[in-house]
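Take a look at the letters that make up each chain.
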Amino acid sequence: MRQMHFSVNGRPVSVEVPDETLLVDLLRGPLGLTGTHIGCDTSQCGACTVLLDGQAVKSCTVLAAQAEGRAVTTIEGLAAEGAPLHPVQEAFVACHGLQCGFCTPGMVMTTVDLLSREPQPSAECIAHALEGNLCRCTGYVNIVESVQTAARAMAEGGAR
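Residues numbered from 1 in each chain as written. Predicted model: local features only at pLDDT ≥ 70, side-chain atom pairs only at ≥ 80, totals over all residues. Heavy atoms only, no water.

Right, let's talk about the sheet that holds strand 5 (residues 71-73) for a bit. The strand order 2-1-5-3-4 describes an open sheet built from five strands, whose pairing is mixed. Unpaired on one side and paired on the other, strand 2 (11-17) and strand 4 (55-58) mark the two borders of the sheet. In this sheet, adjacent strand axes meet at a mean angle of 40° when their direction is disregarded. Taken together, the two bridges between strand 3 (residues 49-52) and strand 5 define a ladder with antiparallel strand orientation. (Pairing = 2+ DSSP bridges. Helix = DSSP H or I, 4+ residues; strand = E, 2+ residues; numbered from the N terminus. Axes fitted to C-alpha atoms, helices over the stretch in contact; angles between N-to-C directions.)

Structure follows, in structure tokens:
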């Protein structure tokens, strides 16, 4: 067992977990943050993507212990309770960049990371960034449009 101290969605967390615990299991289990989905358990689908110190990672391949002293942001942490949605979330809703919604949290988190590094990505850059996130419903056209719309909104209103 290991006592861990880190932040999740801007809040300090102290929790004891077995050494072999995956970050996705800690988030969904003891921390109750079920917006991070478990899809494949092999890092192929991207449904479990979260931000670790601002960088998109597949939490099914990260040991919880690797989050020690670091900042984890999940889909639940992008917008404070009662606050407006994050511009990326708003764009996914407005552009119908989701259908069943299972892949959406991972797509959104990957997009937030992408737009933090590349504020005005080309369609090719977006496709490359989202390669590790699988969607079985939308065909990606609306997802790419969602990312482009979010990029424009963030450029006009200031990035978050």
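That covers the picture; the talk isn't over yet.
Moving on to helix 2 (residues 87-94). The set of residues buried in helix 2 consists of Pro87, Val88, Gln89, Ala91 and Phe92. On its buried side, helix 2 packs onto helix 3 (104-117) and helix 5 (141-157). Looking one or two places after helix 2, you find His96, whose phi comes out positive at around 55°. (Buried < 20%, exposed > 50% of the residue type's maximum accessible area, 1.4 Å probe, protein only. Contact = heavy atoms within 4.5 Å.)

Further remarks concern the pattern of salt bridges. Summed over all chains, the structure comprises three salt bridges. With its nearest N and O atoms 3.4 Å apart, the salt bridge here joins Arg2 to Asp19. Of the two residues, Arg2 is situated in strand 1 (residues 2-8) and Asp19 in the loop between strand 2 and helix 1 (23-28); the sequence distance between them amounts to 17 residues. Using a relative accessible area of 40% as the deciding quantity, one classes Asp19 as partly exposed. We note a salt bridge from Arg117 to Asp113, for which the minimum N-O separation is 3.2 Å. Of this pair, Arg117 and Asp113 both sit in helix 3, four residues apart, which is roughly one turn of that helix. Residue Asp113 is classed as buried on the basis of its relative accessible area of 8%. (Salt bridge = Lys/Arg side-chain N within 4 Å of Asp/Glu carboxyl O.)

In contact at an axis separation of 9 Å, helix 2 and helix 3 are set at 130° when each is read in the N-to-C sense. Relative to helix 3, the element helix 2 lies oblique. In the crossing of helix 2 with helix 3, the sense of the turn from one axis to the other is right-handed. Residues Val88, Gln89 and Phe92 of helix 2 form the contact with helix 3, whose own contacting residues are Thr104, Met107, Val108, Thr111, Val112 and Leu115. Of the residues belonging to the contact of helix 2 with helix 3, the class tally is six nonpolar, three polar and no charged. (Parallel < 35°, antiparallel > 145°, perpendicular 65-115°, else oblique. Left-handed = near helix turned anticlockwise from the far one by under 90°. Nonpolar A, V, L, I, M, F, W, Y, C, P; charged D, E, K, R; others polar.)

At Asp53, a residue that is not glycine, the phi angle is positive and equals roughly 50°. Positive phi, close to 55°, is recorded for His96, a residue that is not glycine. By the secondary structure assignment, His96 is in the loop between helix 2 and helix 3. The exposed category is assigned to His96, whose relative accessible area is 55%.

Worth remembering: the numbers are spatial, not functional.
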